[in-house]
Amino acid sequence: MGLNFTFCDMAAPGALEAAILPTTRLVWLETPTNPTMKITSIEAVAAAAHAVGALLVVDNTFASPYLQSPLALGADVVFHSVSKYIGGHSDLVMGALVTSDAALAVRLRHLQVNMGATPSPFDCFLASRGLKTLALRMVAHSTNGAAVAAVVEAHPAVRQVLYPGLPSHPSHAVATMQMRGGGGMMTFWLRGGLPAARAFLGALSVVTLAVSLGGVESLVEHPALMTHASLPPEVRAELGIDDGMVRLSVGIEDAADVVADITQALDAAKAVIDGGAPAGPATTAPATGTAGAAAAPSKVTGVKRPHE
Ligand SMILES: Cc1ncc(COP(=O)(O)O)c(C=O)c1O
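Definitions and cut-offs
- Residues numbered from 1 in each chain as written.
- Predicted model: local features only at pLDDT ≥ 70, side-chain atom pairs only at ≥ 80, totals over all residues.
- Buried ≥ 20, exposed ≤ 12 C-beta atoms within 10 Å, placed from the backbone.
- Helix = DSSP H or I, 4+ residues; strand = E, 2+ residues; numbered from the N terminus.
- Pairing = 2+ DSSP bridges.
- Axes fitted to C-alpha atoms, helices over the stretch in contact; angles between N-to-C directions.
- Parallel < 35°, antiparallel > 145°, perpendicular 65-115°, else oblique.
- Left-handed = near helix turned anticlockwise from the far one by under 90°.
- Contact = placed C-beta atoms within 7 Å.
- Nonpolar A, V, L, I, M, F, W, Y, C, P; charged D, E, K, R; others polar.
- Near = placed C-beta within 6 Å.
- Expected span 1.5 Å × (residues − 1).
- pLDDT = per-residue confidence, 0-100.

Section: the pairing of strand 9 (residues 245-249)
- With 5 of its 5 residues buried, strand 9 lies for the most part within the structure.
- The two faces of strand 9 match: Met245, Arg247 and Ser249 on one face and Val246 and Leu248 on the other face are all buried.
- Relative to strand 9, strand 6 (residues 185-190) is paired through 5 bridges, and the arrangement is antiparallel. Bridging from a neighbouring strand, Met185 pairs with Ser249 of strand 9.
- Both strand 8 (residues 219-221) and strand 9 contribute to a ladder of 3 bridges, which runs antiparallel. When the sheet's bridge partners are listed, Leu219 is paired in strand 9 with Ser249.

Some thoughts on the packing of helix 8 (residues 193-203) against helix 10 (residues 255-273)
- Where helix 8 contacts helix 10, the two axes come as close as 8 Å, and the packing angle between them is 150 degrees. In terms of orientation, helix 8 lies roughly antiparallel with respect to helix 10. When the axes of helix 8 and helix 10 are compared, the crossing they make is right-handed. Counted together, Pro195, Ala196, Ala199, Phe200 and Ala203 of helix 8 and Gln264, Ala265, Leu266, Ala268, Ala269, Val272 and Ile273 of helix 10 form the full contact between these two elements.
- Here the contact of helix 8 with helix 10 is built from residues that sort into 11 nonpolar, 1 polar and no charged.

Some details on the site of the ligand
- All residues adjacent to the ligand are Glu30, Asn34, Asp59, Thr61, Phe62, Ser81, Ser83, Val93 and Gly95.
- Residues that form the shell around the ligand fall into these classes: 2 nonpolar, 5 polar and 2 charged.

So, unusual backbone geometry
- Here the amide bond leading from Thr31 into Pro32 is cis, since omega sits at -10 degrees, within 30 degrees of zero.
- The omega torsion of the bond from Asn34 to Pro35 falls at 0 degrees, within 30 degrees of zero and hence cis.
- Looking at the secondary structure, you find Pro35 in the loop between strand 1 (26-30) and helix 2 (42-51).
- With phi around 55 degrees, Met37 is a residue other than glycine that occupies positive phi space.

Points about helix 4 (residues 102-115)
- Along its 14 residues, helix 4 runs 20 Å from first to last C-alpha, staying within 8% of the 20 Å computed at 1.5 Å per residue.
- Little of helix 4 is tucked away: 0 of the 14 residues are buried.
- In the segment just after helix 4, Gly116 is the residue with positive phi, at about 80 degrees.

Remarks on the sheet that holds strand 3 (residues 77-81)
- Here we have 4 strands laid out as an open sheet, ordered 1-2-3-4, and mixed in their pairing. The open sheet has two free edges, formed respectively by strand 1 and strand 4 (95-99), since each of these has just one partner strand. Averaged over all neighbouring strand pairs, the angle between strand axes comes to 20 degrees, with direction disregarded.
- Where strand 1 lies against strand 2 (residues 55-59), 5 bridges are found, and the strand directions are parallel. For Val27, the partnering residue across the bridge sits in strand 2 and is Leu56.
- Strands strand 1 and strand 2 of the sheet are contacted by helix 2, whose axis makes an angle of about 150 degrees with strand 2.

Re the confidence of the model for the chain
- Here the chain shows a mean pLDDT of 90. Residues at 70 or above account for 89%.
- Below a pLDDT of 50 lies the segment residues 280-308, which in the model reaches 61 contacts outside its immediate sequence neighbourhood of four places, other chains included.

Laid out in structure tokens, this is it:
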């Protein structure tokens, strides 16, 4: 098709300006990014794209339309995986392009109809019904996300957590400017690599292991073993996707249940890091004296699912 693509880390200062060419026709920005939770100023990227006459498309899937409005910040088109927060119930596969440019809308509609990218009536019903509770759900996702992020950040098994609502996020200032809440997505890195990650995943009982996100139920995924397993290890390393990395989509369950589940699973990871327990699905959160393990509610300790 004669198309050329240039990839760059838009959150790195100067990277976009170096990558953008006079021939660039479209800039595709994802913020926050999956799974690395990088956050980039939409306004700044819009200015750089428009300086060479290129369109800016923003993948707004992680924030949802409730928490971030890219068109108001200069984007020409917004992309959503409707399968995620807009649908909200993990029972729909759909994508959407949104623009306020009438001429562009006609061109996109022409392509959509002629390429057959038309969703079924039932999928449209699910998307429309999901939109009706989007606002309520996003408030709940943000409240629960903030509660979980605080617990994860304070836990000794965790090296780093990236959540837009935490002041420790390197782009928290940008997030505060362009997002209306922290949302439900976060990524953290466990000390202790794969054994600690396996212990964490195996100990969860309220949170389900699955690659999707943005639904009412809390989901966890391990990028190195799941979504990004097909990438060579050196490429994963370049992207910061190591074996201790865990991505969490915090749902709208009772916050205390999610926090308790995450806490006892982090305690299980800590036991492995300290050499006190074997990794794997059989790992429980034993009362070894590690903070929180003995205090975890009985309804979550000792309950296991065959994650692996
Ligand atoms: C940010 C982002 N954009 C797009 C997609 C693709 O969405 P779908 O699974 O609906 O094709 C995903 C999927 O995880 C995503 O996280």
